[in-house]
Amino acid sequence: MTTHPDPALRETPAVAPQAGPADDWARGVDTVPQAVDTPDELQPYAELGLRDDEYDRIRHILGRRPTQAELAMYSIMWSEHCSYKSSKVHLRQFGEKAPPSDRLLAGIGENAGVVRVSDELAVTFKVESHNHPSFVEPYQGAATGVGGIVRDILAMGARPVAVMDPLRFGAADHPDTARVLPGVVAGVGGYGNCLGLPNIGGEVVFDPCYQGNPLVNALCLGVLPVDRLQKKEAAGPGNVVVLMGAKTGRDGIGGVSVLASATFDEGSEQRRPSVQVGDPFMEKLLIEACLELYDAELVVGIQDLGGAGLTCALTETAASAGTGMRVWLERVPLREASMTPHEILASESQERMLLVVAPDKLEAVLKTAEKWGVWATAIGEVTAPSPDGQPGRLVITWRDQLVVDVPPGSLVDDGPVYARPMREPADLILLQADRAETLPRPSDPDALRETVLRMIASPNLADKTWVTEQYDRYVLGNTVLAQPEDSGVIRIDERTGLGVALSLDGNGRYARLDPYHGTKLALAEAYRNVAVTGATPIAVTNCLNFGSPEDPGVMWQFAEAVRGLADGCLELGIPVTGGNVSFYNQTGAAAIHPTPVVGVLGVLDNVADRVSMGFVPRPAGDHDQLFLLGETHVELSGSEWAWVTHEHLGGIPPQVDLGRERQLAELLAAAARVGHLSSAHDLSDGGLAQSLVESCLRRGVGARIAVPEQFAGGSMPFVFLFSESAGRVLVSVPRGHEKAFTALCAEHGVPWEPIGVTDPAGGALEVHGQFRIGLDELRAAHSETLPRLFSGAETAQVAVEATRTGTTTVLPATAEQPVDVDPEAVAAEPIARAGEAPVEVDDAAEPVEAPVEAEGVPAGSDDVATDAAPEAGPEGSASASGEPDQPAAPDQR
Amino acid sequence: MTARVGVVTFPGSLDDADAARAVRIAGAEPVRLWHGDPGLHGVDAVVLPGGFSYGDYLRCGAIARFAPVMETIVDAARGGLPVLGICNGFQILCEAHLLPGALTRNQHLHFRNRDQILRIEAVGTAWTNAFQPGQEVLVPVKNGEGCYVADPATLDRLEAEGRVVARYLGGNPNGSQRDIAAITNEAGNVVGIMPHPEHAVEALTGPSLDGLGFFTSVLKHLVGAPA
């Protein structure tokens, strides 16, 4: 189960190196002495994504050429993905403009931000992208995206308690969306469900700009006692470095530099082996084992292995402590004995953590790992900084040969930083001049009725139950609100009722029209979504999805978005606690819409006070009064209506006033506390009409609405129902509370307008003088779209399931015997085509000639021609382990 | 004396803490049992919770069935110990042959989580005696492999002997034969149920409080049972 820490007693490799190419290479492993002796040897640094000046810099740091292993390490640590070399200069604003907060226990630069929510408890939350892997292999890409962010949260000392997933796909009716969406959704569900984490919200958005580059972002929320906060420092020379979790395999090698930092072209299917494979069962065991170690105070430091795998974890833990490290690489438990040093260092195999443990605690650590059935192996020890005060060095040997000797900080902190050229896109002025307010609008009741039904059935506004019911929202028993509510609400203390609310929002169309204000609008919406539950917003996370930073137009969009978010957070008085940047989201020269996704976290002192979005059923004769809070202007540019009915994108997005958002939030929290609110629902995409329909359908309660006078006549009722002005909320107030509520509105300076009543007995949504639509008709229009679009995929899966019988690749696993599947086999399987012999697929961007064994490619794999394959196993688990391309790295330094 | 109800944790169990919470809310003392420990520590009844024991690799429940604690539970169940298997627990009970039939992949091939109406059809079991015959209850269902199957003779026998404990109403969420959501053994002490009553015990977090009846039933059963 565990390898003995004493090198003298360590296991000899179970499999002796085979004769053949692998062995030749092994004998020829590039060592430090060899690098000194052969300074002029040509190295494939350009193929690894390093520029000439970056390579020269490595040589300067080391005073010699790097070994192959060192070159691989620098190339992944200095990739855009790990080093944030293009974004760093902008992200500094999050720190510089951060409002003062006494809640922040860990912020930007850590695995995830940690925020104190009571004297005893803190929460940690962060969102990350797993976009590129999810396009290449939707199921595993999405699954390992969840796995990666969960380990970030775990590394802070927290128990993960919920996940959320903002997802963006190409056009809903495009054939490739029918490939990508079902796989992504099954992957998110397959991993999160098997991990026992409730999925409490997210987004499902369709837009043609994401056709070749879907966005799969994943958020995890964790809870910890304040004094259990963990550090990543490899402090204390003499302490033991322990690798815990799954064995290391060839999966995900090159994932960081190849997948995350290059755009897709026609050869992208060749990169499938770079996607990692997840084993949520192993991660569940890892979670329980880590939490037990924390509680027993057995670890000095801990870091998860994410993008850049062992390389990132070793260098970051050492660099943050200023210590050195001595690692015996051959002690790393391998799935494939023929792996070479650089492969072991770059592998992104999933479900692994690096622990720093005092020698006298090692025995207890190994025992805990054994109890939970996970591997734990002492692979090295922490060494002292040099006597002259310089930080220590990271020294790695492999079978007694010195393969790495580097200053760890040079990989982590000394990477290149670029102030890339920026230029406002040339088409932006024309785009902004093409305003949606000039488009023809419906101006008679019949047209308005038809517009309501068409809008609520459009893919972005339609009911997402087809997606969300594939996620477990009940597990752990603390889910107070979940999708389709505006925020997920989780109880974090059963004794006191303390809880948190979380929402994630983004609008790529707004950001395309104006990245600065578009990002503020995303922030405002997430903030408002938290506020409508009655929670007080306290902290922000973000995932910034953009095209290539080498395109000055994209870089300008990025800089504007960051500026907007930093300014917005300052205005709202809540800090950015962490986040993630995803560049190179484009197909050929076409970038996606700039898509900043913003997450806001709020606190509820007692979750029993939470407010839902649904109108409340009442006994006969009783009803609630409806109020629209905020101001409605003629704001249709970038709206869902302009897109759905005119395929139009142009103009200037709605105005955003964060001071007013703040007043609105304070009003809602105060009103919720004293029971003035039966329901509250944010207005955003689709305007008031969408919010009314959702609030009616949530619990089957109708409403009668009167269009206010200022919106009478012509197309003004349409504006009232479909404008997307920000800063608005639809609330229902119990009878008898109206006066007190409107007085509270006046006190907070929030405009209100009585617009009607709920109609529990009526069974319809009626807009006086305009239309009446029965709830059944609304429900049918709203709920049939996604099943109609994606039920075809179910049929296809049935067929695949049938052909798979007898050729299943899902292997049994026990706690004592972690699953061991050749990642090449699993990854290669979906692209094998009928009639072709299953060939071994080498990593297209493999830096050096790493021989890859063809073992384990299932003979029947040519039966399988679709991506349904990985999800055909029990509960969708395709076994084996893998790794995300996300950096465990501190983001946004 | 408070009844002591054991809740087993297998590697990969997920709803174990929730089952323990439900036991506590029902007024009993939850006792956590560990898969590798064959001892039952004097419990009066046992809940096998939901989750993905051993990753559900090979087949749901197929590995858990061989856990040391299961050997003791199988013997004790044959001797009359009340045992409730929820979701993965139901799958384990079938694999352990304490209940007939099997749970297979949902017909539509998706994991499905929704609030589900059930009709309680057998109220003579250790876990359903607090319900009225024909009572309709609302509890969450959430599973990927909840499609109950058995050969026609077994199904007919279950029906004839009144051992179909609950059926899905208003839409079958997984394709189960004859809409079966829960069954019991001949003695009525072992019940397997696919939906999750432990997630319908608090107004704040569940769709109803209907799930509580399963846990109060066993207390009633234990009080009435000969010592």
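Note that the coordinates shown come from a computational prediction; the quantities given were computed from them, not determined experimentally.

*Asks:* So what exactly am I meant to see when it comes to the UniProt feature "binding site: substrate" (unreviewed entry) in chain A here?
*Replies:* Residues and elements named next belong to chain A. The sites that carry the UniProt feature "binding site: substrate" (unreviewed entry) are, in the present numbering, Ser-129, His-130, Asn-131, His-132, Arg-151, Gln-276, Glu-348, Ser-349, Gln-350 and Ser-582. Here Gln-350 lies in the loop between helix 13 (341-346) and strand 11 (352-357). Note that Ser-582 resides in strand 19 (residues 576-582). Of the residues examined, Ser-582 reaches a relative accessible area of 8% and is grouped as buried. Ignoring any residue separated from it by four or fewer positions in sequence, one finds Ser-582 in contact with Ser-129, Asn-131, Leu-544, Asn-545 and Phe-546. One polar contact links Ser-582 to Asn-131, side chain to side chain, over a distance of 3.1 Å.

*Asks:* I'm lost on the UniProt feature "active site" (unreviewed entry) in chain B in this one. Help?
*Replies:* Residue and element names in this part refer to chain B. UniProt's entry tags Cys-87, His-196 and Glu-198 with the feature "active site" (unreviewed entry), counted in the numbering of this structure. Taking the farthest pair of C-alpha atoms as the criterion, the annotated set spanning 112 residues converges on one region, since that pair is 10.9 Å apart. Tracing the chain through its elements places His-196 in the loop between strand 11 (190-193) and helix 5 (212-224). Discounting chain neighbours no more than four positions away, the residues touching His-196 are Asp-15, Gly-50, Ile-86, Cys-87, Val-139, Pro-140 and Lys-142. Looking at where Glu-198 falls in the secondary structure, it is placed in the loop between strand 11 and helix 5. A relative accessible area of 2% means that Glu-198 is categorised as buried. Leave out the neighbours within four places in its chain, and Glu-198 touches Asp-15, Asp-18, Ala-19, Ala-22, Ile-86 and Phe-215. Side-chain polar atoms of Glu-198 contact the side chain of His-196, separated by 2.8 Å.

*Asks:* Which parts of the structure should I look at to understand unusual backbone geometry?
*Replies:* Excluding glycine, residues mostly have negative phi values, and the peptide bonds linking residues are mostly trans. Residues and elements named next belong to chain A. Here the residue pair Gln-483 and Pro-484 is connected by a cis peptide bond, since its omega of 5 degrees sits within 30 degrees of zero. Within the secondary structure, Pro-484 sits in the loop between strand 15 (479-481) and strand 16 (488-491). Phi at Tyr-584 is positive, roughly 60 degrees, even though this residue is not glycine. Within the secondary structure, Tyr-584 sits in the loop between strand 19 and strand 20 (586-587).

*Asks:* Hey, could you run me through the pairing of strand 3 (residues 113-116) of chain A in this one?
*Replies:* Residue and element names in this part refer to chain A. When strand 2 (residues 104-106) meets strand 3, the two strands line up antiparallel, connected through two bridges. Within the sheet, the bridge partner assigned to Leu-104 lies in strand 3 and is Val-115. Hairpin remark: strand 2 followed by strand 3, antiparallel, with six residues in the connecting loop; positive phi at Gly-109, about 110 degrees. In this structure, strand 3 lies alongside strand 4 (residues 121-129), joined through four bridges in antiparallel fashion. Each bridged residue has a counterpart across the sheet, and for Arg-116 the counterpart in strand 4 is Ala-122. Counted along the chain from strand 3 to the antiparallel partner strand 4, the turn is four residues long.

*Asks:* Teacher, can you tell me more about the sheet that holds strand 19 of chain A here?
*Replies:* Two pairing modes exist for strands in a sheet, parallel and antiparallel, and in both the strands are linked by backbone hydrogen bonds. Residues and elements named next belong to chain A. Across the sheet, which stays open at both edges, the six strands sit in the order 15-16-17-22-18-19 with mixed pairing between neighbours. Looking at the sheet topology across the chains shown, the edges are occupied by strand 15 and strand 19. Sheet twist, expressed as the mean angle between neighbouring strand axes with direction ignored, is 20 degrees. Across seven bridges, strand 17 (residues 499-505) lies against strand 22 (residues 595-604) in antiparallel orientation. When the bridges of strand 22 are listed, Asp-505 appears paired with Val-598. Relative to the sheet, helix 20 (residues 515-531) contacts strand 17, strand 18 (536-545) and strand 22, its axis offset from that of strand 22 by approximately 25 degrees.

*Asks:* Please explain the nonpolar core as it appears in this structure.
*Replies:* Burial of nonpolar side chains together is a common tendency in soluble globular proteins. Ranked by internal contacts, the top residues of the largest apolar core, which has 143 residues, are Met-244 and Leu-355 of chain A together with Phe-10, Leu-48 and Met-70 of chain B. At ten residues, helix 11 (residues 280-295) of chain A tops the list of elements feeding residues into this core.

*Asks:* Looking at this structure, I do not really get helix 11 of chain A. What am I missing?
*Replies:* Residues lying three or four places apart along an α-helix face the same way, a consequence of the helix completing one turn every 3.6 residues. For helix 11 of chain A, spanning 16 residues, the distance from its first C-alpha to its last is 23 Å, which sits close to the expected 22 Å at 1.5 Å a residue. Within helix 11 of chain A, 14 of the 16 residues are buried, leaving the element largely enclosed by the surrounding structure.

*Asks:* I keep staring at the state of the cysteines and nothing clicks. Help me out?
*Replies:* Here, disulfide denotes a covalent bond that connects the sulfur atoms of two cysteines. Applying the stated criterion across every chain yields a total of zero disulfides over all chains. Cys-60 of chain B takes part in no disulfide bond, and the closest cysteine sulfur to it belongs to Cys-87 of chain B, at a distance of 8.4 Å.

*Asks:* It is not clear to me how the packing of aromatic side chains should be interpreted in this structure. Could you clarify?
*Replies:* Aromatic ring pairs: the centre-centre distance and the angle between the two ring planes describe each pair. Residue and element names in this part refer to chain A. Applying the stated criterion to the full structure yields 16 aromatic pairs over all chains. Ring centres of Phe-718 and Phe-722 lie 5.3 Å apart, and the angle between their planes is 25 degrees; on these two criteria the pair is classed as stacked. Here Phe-718 pairs with Phe-722, and both are found in helix 25 (residues 716-722), just four residues apart, close to one helical turn. Taking relative accessible area as the criterion, Phe-718 reaches 0% and is therefore assigned buried.

*Asks:* Would you mind showing me how to read the packing of helix 3 (residues 52-62) of chain A against helix 4 (residues 68-77) of chain A here?
*Replies:* The relative placement of two packed helices comes down to the angle between their axes together with the axis-to-axis distance. Residues and elements named next belong to chain A. Viewed as axis vectors pointing N to C, helix 3 and helix 4 meet at an angle of 125 degrees, and their least axial separation amounts to 11 Å. Relative to helix 4, helix 3 is oriented oblique. Handedness of the helix 3/helix 4 crossing: right-handed. Mapping the contact onto sequence places Tyr-55, Ile-58, Ile-61 and Leu-62 in helix 3 and Glu-70, Leu-71 and Tyr-74 in helix 4. Taken together, the residues of the contact of helix 3 with helix 4 sort by class into six nonpolar, no polar and one charged.

*Asks:* Could you clarify how one ought to interpret the packing of helix 21 (residues 552-572) of chain A against helix 23 (residues 658-673) of chain A in this entry?
*Replies:* Residue and element names in this part refer to chain A. The geometry of helix 21 relative to helix 23 is characterised by a closest axis approach of 9 Å and an angle of 45 degrees between their N-to-C directions. Considering the angle they form, helix 21 stands oblique to helix 23. For helix 21 against helix 23, the interelement crossing comes out right-handed. Seen from helix 21, the contacting residues are Gly-568, Glu-571 and Leu-572; seen from helix 23, they are Leu-658, Glu-661 and Arg-662.

*Asks:* How should the sheet that holds strand 5 (residues 159-169) of chain A be read in this particular structure?
*Replies:* Residue and element names in this part refer to chain A. Spatial ordering of the open sheet is given by 2-3-4-7-5-6, a layout of six strands whose pairing is mixed. Every interior strand has two partners, whereas the edge strands, strand 2 and strand 6 (199-206), have only one. Strand-to-strand twist of the sheet, defined as the mean angle between neighbouring strand axes without regard to direction, takes the value 20 degrees. The sheet contacts of helix 8 (residues 138-155) involve strand 4, strand 5 and strand 7 (215-225), and relative to strand 7 the element is tilted by about 30 degrees. The sheet strands contacting helix 9 (residues 175-195) are strand 5, strand 6 and strand 7, and the helix crosses strand 5 at an angle near 175 degrees.

*Asks:* In this structure, what is going on with the pairing of strand 7 of chain A? I would like to understand it.
*Replies:* Each regular strand shows side chains that alternate between the opposite faces of the sheet. Residues and elements named next belong to chain A. With respect to burial, strand 7 is a largely interior element, ten of its eleven residues being buried. Across nine bridges, the pairing between strand 4 and strand 7 is antiparallel. Directly across from Glu-128, in strand 7, lies its bridge partner Ala-218. Bridging between strand 5 and strand 7 involves seven bridges; their strand directions are antiparallel. Looking at the pairing, Arg-168 lines up with Leu-215 of strand 7.

*Asks:* Can you walk me through helix 24 (residues 687-699) of chain A in this structure?
*Replies:* Counted residue by residue, helix 24 of chain A has eleven buried out of 13 residues, so it is predominantly covered. Considered for burial, the residues of helix 24 of chain A that qualify are Gly-687, Leu-688, Ala-689, Gln-690, Ser-691, Leu-692, Val-693, Glu-694, Ser-695, Cys-696 and Leu-697 of chain A.

*Asks:* What should I look at first to understand the confidence of the model for chain A in this one?
*Replies:* Should the pLDDT be low somewhere, the predicted coordinates at that spot are not to be read in detail. Of all residues in chain A, 83% have pLDDT values of 70 or greater, and the mean over the chain is 86. Within the model, the stretch residues 793-893 of chain A combines pLDDT values under 50 with 285 contacts to residues more than four positions away or in other chains.

*Asks:* Teacher, can you tell me more about the environment of Arg-112 of chain B here?
*Replies:* Relative to the elements of secondary structure, Arg-112 of chain B occurs in strand 6 (residues 112-120). Between the C-alpha atom of Arg-112 of chain B and that of Pro-173 of chain B, which follows or precedes it by 61 residues, the distance is 7.2 Å. Discounting chain neighbours no more than four positions away, the residues touching Arg-112 of chain B are Glu-469 of chain A together with Asn-106, Val-141, Lys-142, Asn-143 and Pro-173 of chain B. Within polar-contact distance, the side chain of Arg-112 of chain B engages the side chain of Glu-469 of chain A at 2.9 Å.

*Asks:* I keep staring at the side chain of Ser-217 of chain B and nothing clicks. Help me out?
*Replies:* Take Ser-217 of chain B: it is sitting in helix 5. Those residues within four positions of Ser-217 of chain B in sequence are excluded, and the remaining contacts are Ala-126, Trp-127, Thr-128, Asn-129 and Ala-130 of chain B.

Definitions and limits used
- Residues numbered from 1 in each chain as written.
- Chains lettered and ligands numbered in written order.
- Predicted model: local features only at pLDDT ≥ 70, side-chain atom pairs only at ≥ 80, totals over all residues.
- Heavy atoms only, no water.
- UniProt positions renumbered as here; feature names shortened; annotations may be inferred.
- Helix = DSSP H or I, 4+ residues; strand = E, 2+ residues; numbered from the N terminus.
- Buried < 20%, exposed > 50% of the residue type's maximum accessible area, 1.4 Å probe, protein only.
- Contact = heavy atoms within 4.5 Å.
- Polar contact = N/O pair within 3.5 Å; in protein donor to acceptor, adjacent residues only side chain to side chain.
- Pairing = 2+ DSSP bridges.
- Axes fitted to C-alpha atoms, helices over the stretch in contact; angles between N-to-C directions.
- Core = buried A, V, L, I, M, F, W, Y, C linked by side-chain atoms within 4.5 Å.
- Expected span 1.5 Å × (residues − 1).
- Disulfide = S-S within 2.5 Å.
- Phe/Tyr/Trp six-rings, centres within 6.5 Å; stacked < 30°, edge-to-face > 60°.
- Parallel < 35°, antiparallel > 145°, perpendicular 65-115°, else oblique.
- Left-handed = near helix turned anticlockwise from the far one by under 90°.
- Nonpolar A, V, L, I, M, F, W, Y, C, P; charged D, E, K, R; others polar.
- pLDDT = per-residue confidence, 0-100.

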